Amino acid sequence: MSVLFTSISPDNPVTREDAGSLLHHLGLSVDPEDEEDYHTLLAAVHDCAETVANLPDYQPVPDLDRYPRQNVRRPSSEEQVFGQAWAHKFLIKGNPDGGLLAGKTISVKDCIAVAGVPQLLGSDIIPSWTPITDATVVTRVLDAGADIHGTSTCENYCHSTASFTSAQGTVENPFAKGYSAGGSTSGGAALVTAGLVDITLGGDQGGSIRVPAALCGCVGLKPTYGLVPFTGIASGDAIDDHTGPLARNVIDIASCLDAITGYDGIDDRCLGSPKHGSTSFAQSLQTASTRLDGFRVAVLKEGFEHTSVDSAVKDSVMAATRKFTELGATVEEISLPDHYHGPAIWTIQSRVSGSLTLLGQAHGRRGLYMTEMERERLPWTKEGFQRAFPSTKNVIINGLYLASRFPDLYGKTVNIGRRLRDLYEDIFQKYDVVVMPTTPVVAPRHGARGLPIESLKPSMGLTINTAIFDVTGHPAMSIPVGFAPAKDNAEIQLPVGMQIVGGLWQESKVLKAGYAWEANYDWKDGAGR
């Protein structure tokens, strides 16, 4: 304390009234006789803050000489595809000596930092900001020999599983214009499905990798929480943050996972992960049989019987699960009624923590903080808030309400989330994987910006089977297994995704199940190869 007292500067702006003013909105006050002391203490901490603010930041320095950014630009109308699938176009050539991803082309979701490339975050709340560092996953795919061709559009602040919310424009489903590509990794899913890139790096806090994978007809993996560093990626709720790949096949998913897993010395989410470079997911798939003899597959009753699951989606995924028996696996139905609690637990958790993040109050993690982004975003202005998509406004309003009216509820959701995790871990003592529909319906038609409920309606309910696994942290992968008719037009056939879930750190089993199914069946016609 004495150091603080002696450091108070003569031009310190703190006034005697500031401490009381800060407490006033909480319904609290400072006793008059204490006012002078709290003024002194507040002035001291202001000077402390000024000292820290003037220190140089400490962020990883990207190797721009080895990996120069070429021709960074907003795509022209001629370059743009599927509406607005690209956020920025550029080229970063990967390791010329090759590696696990040599020859692969990649896009990066526009919430993942690429140094020197303006980041839009699907928003116009603030102007784009330009990162000064690369996310760990960006560095790792470049080191593995991949070429990055651009950033792909994400939904507005990553707060939607629809694909019309980005301020930069709508992303169209590759199978039918006018229908959702899913979100929030919308642009990347469309690019992958169309073959314009091999892999997209996405983010998943409630289903944002798996939902667009399911709606677009590609493969998307949300790894075990903490397997892949979240360093340099815009966060929603830090305990729901996951990043992972989307691709057209499981082997590319496995190869990318090998390239990006492992603690990076920064992100404390990854302290329990395997050493970087030590996994061999792809090699294991390539050298193993595509049979599943001895494998045990659980069919989750609640994942199929939720009232919002469309009958055609249910039938398609159920038919796909039965094919596991043809490959030698044992397939049995199981029931876990607590699965139904997943959406409510996730909603409370993500609203409280998400609002704190949006308001610049996220804390408590050892990792890389994107300080330049926070300087651009904060403080919120009335004009910026009005430009926000209703989903972002809703997160702030919900979070503030819940924190004020239910002060213990966030902690309770964390506790119950751990219970859900343990219930699933008990299942994985007997079964290798659990399967269910990824989304309850195929791609819905785009919504439109309007009144809040009208704007949010197209994405409501899409995460009933995905969000729970962001809460529990289990690895979950969506693979395409067939088609079902659009809800509003039976002549339009759209992809159906099957979600394969495994025990914590059991990506190998999830990948094995998906690879075996994919190797033996063609999802586009349902016939055995």
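Residues numbered from 1 in each chain as written. Predicted model: local features only at pLDDT ≥ 70, side-chain atom pairs only at ≥ 80, totals over all residues. Heavy atoms only, no water.

Under an unreviewed UniProt entry, the name given to the protein chain is Amidase domain-containing protein, and the organism recorded is Aspergillus carbonarius.

Would you take a moment to explain the overall build of the protein chain for this structure?
When helices and strands are tallied, the protein chain shows 18 helices and 14 strands. For the C-alpha atoms alone, the extent of the protein chain along its principal axes is close to 80 × 50 × 45 Å. For the protein chain, buried positions account for 54% of its 529 residues. Counted over contacts in the protein chain with a minimum sequence separation of 6, partners at least 24 positions apart contribute 76%. With the model as given, the accessible surface of the protein chain reaches about 22200 Å², and the carbon-plus-sulfur share is 54%. (Helix = DSSP H or I, 4+ residues; strand = E, 2+ residues; numbered from the N terminus. Buried < 20%, exposed > 50% of the residue type's maximum accessible area, 1.4 Å probe, protein only. Contact = heavy atoms within 4.5 Å. Areas by Shrake-Rupley, 256 points an atom, 1.4 Å probe, with all protein chains shown as cover.)

Just checking my understanding: could you explain the packing of helix H4 (residues 136-143) against helix H7 (residues 250-260) for this structure?
Helices that pack against each other are described as a pair by the angle of their axes relative to one another and the distance between those axes. One way to put it is that H4 packs onto H7 with a least axis distance of 8 Å and a crossing angle of 110°. In terms of their interaxial angle, H4 and H7 are classed as roughly perpendicular. Pair H4 / H7 crosses with right-handed handedness. Of the residues in H7, those in contact with Val137, Arg140 and Val141 of H4 are Cys256, Ala259 and Ile260. A class-by-class count of the residues in the contact of H4 with H7 yields 5 nonpolar, no polar and 1 charged. (Axes fitted to C-alpha atoms, helices over the stretch in contact; angles between N-to-C directions. Parallel < 35°, antiparallel > 145°, perpendicular 65-115°, else oblique. Left-handed = near helix turned anticlockwise from the far one by under 90°. Nonpolar A, V, L, I, M, F, W, Y, C, P; charged D, E, K, R; others polar.)

Would you take a moment to explain the pattern of salt bridges for this structure?
Close approach of charged atoms allows side chains of opposite charge to pair. Going through the model one piece at a time under the given rule, you end up with 20 salt bridges. The shortest N-O distance in the salt bridge between Asp143 and Arg66 comes to 3.7 Å. Here Asp143 is found in helix H4, whereas its partner Arg66 is found in the loop between helix H3 (35-53) and strand E1 (70-73), with 77 residues between them in sequence. Overall, Asp143 belongs to the partly exposed group, its relative accessible area being 32%. For Arg66, a relative accessible area of 39% corresponds to the partly exposed category. Where Asp422 meets Arg421, a salt bridge forms, and the shortest distance between an N and an O atom there is 2.9 Å. Among the charged side chains, a network of salt bridges with common partners joins Arg16, Glu35 and Glu36. (Salt bridge = Lys/Arg side-chain N within 4 Å of Asp/Glu carboxyl O.)

Before we go on, may I ask you to explain helix H5 (residues 186-193) in this structure?
Structurally, the α-helix is built with 3.6 residues per turn, so residues lying three or four positions apart point the same way. Summarising burial for H5: 8 of the 8 residues are buried, a large majority. All of the buried residues in H5 are Ser186, Gly187, Gly188, Ala189, Ala190, Leu191, Val192 and Thr193.

Help me understand the UniProt feature "domain: Amidase" (unreviewed entry) in the protein chain in this model?
Look at the UniProt record and you will see "domain: Amidase" (unreviewed entry) annotated at residues 95-511. Between the end C-alpha atoms of residues 95-511 the distance is 26 Å, and the span holds 34% helix and 18% strand. (UniProt positions renumbered as here; feature names shortened; annotations may be inferred.)

Sorry if this is basic, but what is going on with the packing of helix H11 (residues 342-358) against helix H14 (residues 390-405) here?
Relative orientation of the contacting elements H11 and H14 amounts to 105°, with a least axis distance of 7 Å. When the axes of H11 and H14 are compared, the pair comes out roughly perpendicular. From H11, Ile348, Arg351, Val352, Gly354, Ser355 and Leu358 reach across to H14, where they touch Thr392, Asn394, Val395, Ile396, Asn398, Gly399, Leu400 and Leu402. Per-class residue counts for the contact of H11 with H14 are 7 nonpolar, 6 polar and 1 charged.

How should I be thinking about unusual backbone geometry in this particular structure?
For residues other than glycine, phi is negative in most cases, and the peptide bonds are mostly trans. Gly183 connects to Ser184 through a cis peptide bond whose omega is 10°. Tracing the chain through its elements places Ser184 in the loop between strand E6 (176-180) and H5. Residue Pro379 is reached from Leu378 by a cis peptide bond, and omega for that bond is -5°. Relative to the helices and strands, Pro379 is located in the loop between helix H12 (371-377) and helix H13 (382-387).

Honestly, the packing of aromatic side chains in this entry has me stumped. Any pointers?
For any pair of aromatic rings, geometry is given as the distance between the ring centres together with the angle between the planes. A complete count under the given rule lists 9 aromatic pairs for this structure. Aromatic rings pair up to connect Phe175, Phe483 and Trp523 into one cluster. Here the guanidinium or amino end of Lys393 rests over the ring plane of Phe385, the centre of that ring lying 5.6 Å away. (Phe/Tyr/Trp six-rings, centres within 6.5 Å; stacked < 30°, edge-to-face > 60°. Lys NZ or Arg CZ within 6 Å of the ring centre and 35° of its normal.)

Please explain the sheet that holds strand E8 (residues 219-222) as it appears in this structure.
Note: strands within a sheet are paired through backbone hydrogen bonds, in either parallel or antiparallel orientation. As summarised here, the arrangement of the 12 strands in space is E1-E2-E4-E3-E7-E9-E8-E13-E14-E12-E10-E11, forming an open sheet in which the pairing is mixed. For this open sheet the edge positions go to E1 and strand E11 (330-334), each flanked by a neighbour on one side alone. Looking at each pair of strands side by side, their axes are set apart by 25° on average, direction ignored. As paired strands, strand E10 (residues 296-300) and strand E12 (residues 433-437) are joined by 3 bridges and run parallel to one another. Each bridged residue has a counterpart across the sheet, and for Val297 the counterpart in E12 is Val433. The strands touched by helix H18 (residues 507-520) within the sheet are E8, E12, strand E13 (476-486) and strand E14 (489-502), with E13 carrying the most contacts at an inclination of about 40°. (Pairing = 2+ DSSP bridges.)

Just to check I follow, could you spell out the pairing of E14 for this structure?
For a regular strand, side chains alternate in direction, first toward one face of the sheet and then toward the other. Counting buried positions along E14 yields 10 of 14 residues, so the element is predominantly enclosed. Relative to E14, E12 runs antiparallel, the two being bridged by 5 bridges. Across the sheet, residue Met436 finds its bridge partner in E14, namely Gln499. Across 10 bridges, E13 lies against E14 in antiparallel orientation. Residue pairing across strands places Ala476 opposite Val501, the latter belonging to E14.

Can you help me understand the side chain of Lys89 in this one?
Among the structural elements, Lys89 can be located in strand E2 (residues 86-92). Among buried Asp, Glu, Lys and Arg side chains, Lys89 stands out as unpaired, with Glu79 the closest opposite charge at 5.3 Å. With residues up to four places along the chain from it excluded, the contact list for Lys89 reads Asn71, Val72, Arg73, Pro75, Glu79, His149 and Gly150. (Lys, Arg positive; Asp, Glu negative; His and termini not counted.)

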